[in-house]
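One letter stands for each residue in the lines below.
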Number of protein chains: 2
Amino acid sequence: MISRERILEAAARVYAKHGFRGATTRLIAIEAGVNEVTLFRTFGSKGALLEAVLGSNRADVVQPHLPDEPQDPAAELLEFVNANLEHVRELRPLLIHTMGEIDERPEAAEFACRGRRMVHDAIVSYLRKLQQRGMADQDADVEVAAVVLTGTVMSDAMARSIVPDVYPPREHAAERYVSCFLRMIGGRKAVAAPVKKSRTRSA
Amino acid sequence: MISRERILEAAARVYAKHGFRGATTRLIAIEAGVNEVTLFRTFGSKGALLEAVLGSNRADVVQPHLPDEPQDPAAELLEFVNANLEHVRELRPLLIHTMGEIDERPEAAEFACRGRRMVHDAIVSYLRKLQQRGMADQDADVEVAAVVLTGTVMSDAMARSIVPDVYPPREHAAERYVSCFLRMIGGRKAVAAPVKKSRTRSA
DNA sequence: CGAGAATGCAAGTATCTACTTGCTTACTCC
DNA sequence: GGAGTAAGCAAGTAGATACTTGCATTCTCG
């Protein structure tokens, strides 16, 4: 018995390369090693098949998260950014096409925005905790900082293959992004007593 | 006499909505208000038409630039970021599809990376000048800072329509991005004498 | 082992798509 | 006004595509 899963995986690979219109049932059948008619017997139509691809993809994957009790922002953010880079890199091929197909297919729209708000909110929440504990500057714009962080991750994951020499080497990228990010928010480790210290500049 | 330009513009609009495969010659002809055969008489083939679209699009547009002599980083970067946001927003519909079609069409690959390196290098160069003049921290990672800035712009331009409430309101976005960016690099206005001052932190 | 279900195979259908062809009409310019 | 060119119209071609149908083969399980 042909695994429904096997067809879904093959369809995802073909969709990732060719997009909706380019993912012909013939290509998908070949990729899955099944007869074309089996696709229709299993899923009913190409649209339903590809909808199932987007619906099942990542449905149960745990989103990277940040700790409730910040201890070491540098280490914690590094782990978070690394996980996020991995995550978005994996999704990239699907994301590229869903972003372009939003107007034509609702499931593409849903897929393209999945989890983005959650990641943003998680970072904002974390940054607020840092501020409360004196581990980040009080006047840092945490909403925009979160946008900057997710934007950088997205840019690296989506565009590195297009302009590779612009991005830092993969093995150091997260580290360097976090380092710059911490400068932006005045991030630091917890100190014995909350030190009320705000940076002043002539700008 | 039908303007070749008119066909190109219509084709760009159709391509921006539907991608390469979805931009049928029928749709393009309707959009341009010409007979389908005219497309072939003018351009020879659909591929050549859409190649011409990507080749002509932005061929002569001036890239946003930064001044050779920095005076006021906040103002200069604000202008630069605003211009870049505009620029990438305009290109978004075409970018979305070209990014997904890179493997299949060389002109899509060329289009997707056009200007990106230049923008990156311009920012790096500018930041270096800031450092030389004591207007930015000596230890700021200017390469990554440039990546962060272009990544933020790209993220805003590409994904705002998908998760709108995550991004700051449009009229204030550039201002807030620049503000955070300046914090990251320790950016400030020129002072009377270069002050050698590096920030130390407990992190 | 046999029945039922799953899958393959081959042929086919209807529609779409890029593109061509031949003739007609409209436009431009000398 | 007439010649040449540009563009429209209609019909058509060949190939691609999602999908269906009928029969045959293979697989699974009681």
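Rules used throughout
- Residues numbered from 1 in each chain as written.
- Chains lettered and ligands numbered in written order.
- Predicted model: local features only at pLDDT ≥ 70, side-chain atom pairs only at ≥ 80, totals over all residues.
- Heavy atoms only, no water.
- Helix = DSSP H or I, 4+ residues; strand = E, 2+ residues; numbered from the N terminus.
- Rg over C-alpha atoms; globule rule 2.2 N^0.38 Å.
- Buried < 20%, exposed > 50% of the residue type's maximum accessible area, 1.4 Å probe, protein only.
- Contact = heavy atoms within 4.5 Å.
- Areas by Shrake-Rupley, 256 points an atom, 1.4 Å probe, with all protein chains shown as cover.
- Lys, Arg positive; Asp, Glu negative; His and termini not counted.
- Charge placed at Lys NZ, Arg CZ, Asp CG, Glu CD.
- Near = heavy atom within 4 Å.
- Polar contact = N/O pair within 3.5 Å; in protein donor to acceptor, adjacent residues only side chain to side chain.
- Axes fitted to C-alpha atoms, helices over the stretch in contact; angles between N-to-C directions.
- Parallel < 35°, antiparallel > 145°, perpendicular 65-115°, else oblique.
- Nonpolar A, V, L, I, M, F, W, Y, C, P; charged D, E, K, R; others polar.
- Least-squares fit on C-alpha atoms with pLDDT ≥ 70 in both.
- Phe/Tyr/Trp six-rings, centres within 6.5 Å; stacked < 30°, edge-to-face > 60°.
- Lys NZ or Arg CZ within 6 Å of the ring centre and 35° of its normal.
- Buried area = accessible area lost by both parts, 1.4 Å probe.
- Salt bridge = Lys/Arg side-chain N within 4 Å of Asp/Glu carboxyl O.
- Expected span 1.5 Å × (residues − 1).

Draft legend 1. Highlighting the overall build of chain A. Across its full length, chain A carries nine helices and zero strands. Written out in order from the N terminus, the α and β elements of chain A read α-α-α-α-α-α-α-α-α. For 203 residues, the compact-globule estimate of 2.2 N^0.38 gives 17 Å, and chain A exceeds it by more than 25% at 21 Å. The buried share of chain A, reckoned over its 203 residues, is 52%. Pairs at least 24 residues apart make up 65% of the contacts formed inside chain A by residues separated by at least 6 positions. Carbon together with sulfur atoms contributes 52% to the accessible area of chain A, which is approximately 9700 Å² in total. Between the mean site of the 28 positive side-chain charges and the mean site of the 27 negative ones, chain A shows a separation of 2 Å.

Draft legend 2. Broad picture of the protein's contact with DNA strand C. As a structural note, the neighbourhood of DNA strand C is formed by 18 residues, with Ile2 and Thr38 of chain A together with Thr25, Phe40 and Lys46 of chain B the closest of them. Among atoms of DNA strand C positioned within 4 Å of the protein, sugar and phosphate together represent 56%. Arg21 of chain A is positioned with one of its side-chain polar atoms (N or O) 3.0 Å from a phosphate oxygen of DNA strand C. Counting residues per element, the ones that place at least two in the surface near DNA strand C are helix 3 (36–43) of chain A together with helix 3 (36–43) of chain B. At four residues, helix 3 of chain B tops the list of elements feeding residues into the surface near DNA strand C.

Draft legend 3. Layout of the packing of helix 1 (residues 4–22) of chain B against helix 4 (residues 46–56) of chain B. Residue and element names in this part refer to chain B. Two elements in contact, helix 1 and helix 4, have axes whose closest approach is 9 Å; the angle formed by their N-to-C orientations is 100°. One way to sum up the angle between helix 1 and helix 4 is to call them roughly perpendicular. In this structure, helix 1 uses Arg4, Ile7, Leu8, Ala11, Ala12, Tyr15, Phe20 and Arg21 to contact helix 4, whose residues at the interface are Lys46, Gly47, Leu49, Leu50, Ala52, Val53, Leu54 and Ser56. Residues belonging to the contact of helix 1 with helix 4 are distributed by class as follows: 11 nonpolar, two polar and three charged.

Draft legend 4. The relation of the copies chain A and chain B, seen in detail. The transform that puts chain A on chain B rotates by 180° and translates by 0.0 Å along the axis, for an RMSD of 0.0 Å. Both copies of the chain, as the preceding transformation shows, are related through a two-fold rotation axis. Closest approach to the rotation axis among the C-alpha atoms of chain A is made by Met184 of chain A, whose C-alpha sits 2.0 Å away. Mapped onto chain B, 100% of the interface residues of chain A are again interface residues, and the two copies thus contact each other with one and the same surface.

Draft legend 5. Just the packing of aromatic side chains, in detail. Per the counting criterion, the structure on display carries zero aromatic pairs over all chains. We note Lys46 of chain A situated over the ring of Phe20 of chain A; from NZ or CZ to the ring centre the distance is 4.7 Å.

Draft legend 6. Seen up close, the interface of chain A and chain B. Chain A puts 53 residues into the contact, and the matching count from chain B is 54 residues. With both sides pooled, the region where chain A packs onto chain B buries about 4700 Å², and carbon together with sulfur makes up 62% of that total. Taken together, chain A and chain B are joined by eight salt bridges. When the shortest N-O distance is used, the salt bridge between Arg176 of chain A and Asp141 of chain B registers 2.7 Å. Joining chain A to chain B, the criterion identifies 13 residue pairs in polar contact (both at pLDDT 80 or more). Among the elements of the structure, helix 1 (4–22), helix 5 (73–101), helix 6 (106–113), helix 7 (116–132), helix 8 (142–159) and helix 9 (170–185) of chain A are those that each provide at least two residues to the side of chain A that touches chain B. By residue number, the principal contributor to the side of chain A that touches chain B is helix 8 of chain A, which donates 11 residues. Residues belonging to the side of chain A that touches chain B are distributed by class as follows: 25 nonpolar, 11 polar and 17 charged.

Draft legend 7. Main features of helix 8 (residues 142–159) of chain B. With 18 residues, helix 8 of chain B should reach 26 Å at 1.5 Å per residue; the first-to-last C-alpha distance of 25 Å fits that figure. Counted residue by residue, helix 8 of chain B has 16 buried out of 18 residues, so it is predominantly covered.

Draft legend 8. Spatial organisation of the protein's contact with DNA strand D. Taken together, 19 residues are adjacent to DNA strand D, and Phe40 and Lys46 of chain A together with Ile2, Thr38 and Arg41 of chain B come closest. Taking all atoms of DNA strand D within 4 Å of the protein, the share assigned to sugar and phosphate is 60%. With respect to DNA strand D, the backbone of Lys46 of chain A contributes an N or O atom lying 2.6 Å from a phosphate oxygen. Arg41 of chain B is positioned with one of its side-chain polar atoms (N or O) 2.8 Å from a base oxygen of DNA strand D. Going through the elements one at a time, helix 3 of chain A together with helix 3 of chain B are the ones with two or more residues in the surface near DNA strand D. Looking at the surface near DNA strand D, the element that brings in the most residues is helix 3 of chain A, giving four residues. Taken together, the residues of the surface near DNA strand D sort by class into eight nonpolar, six polar and five charged.

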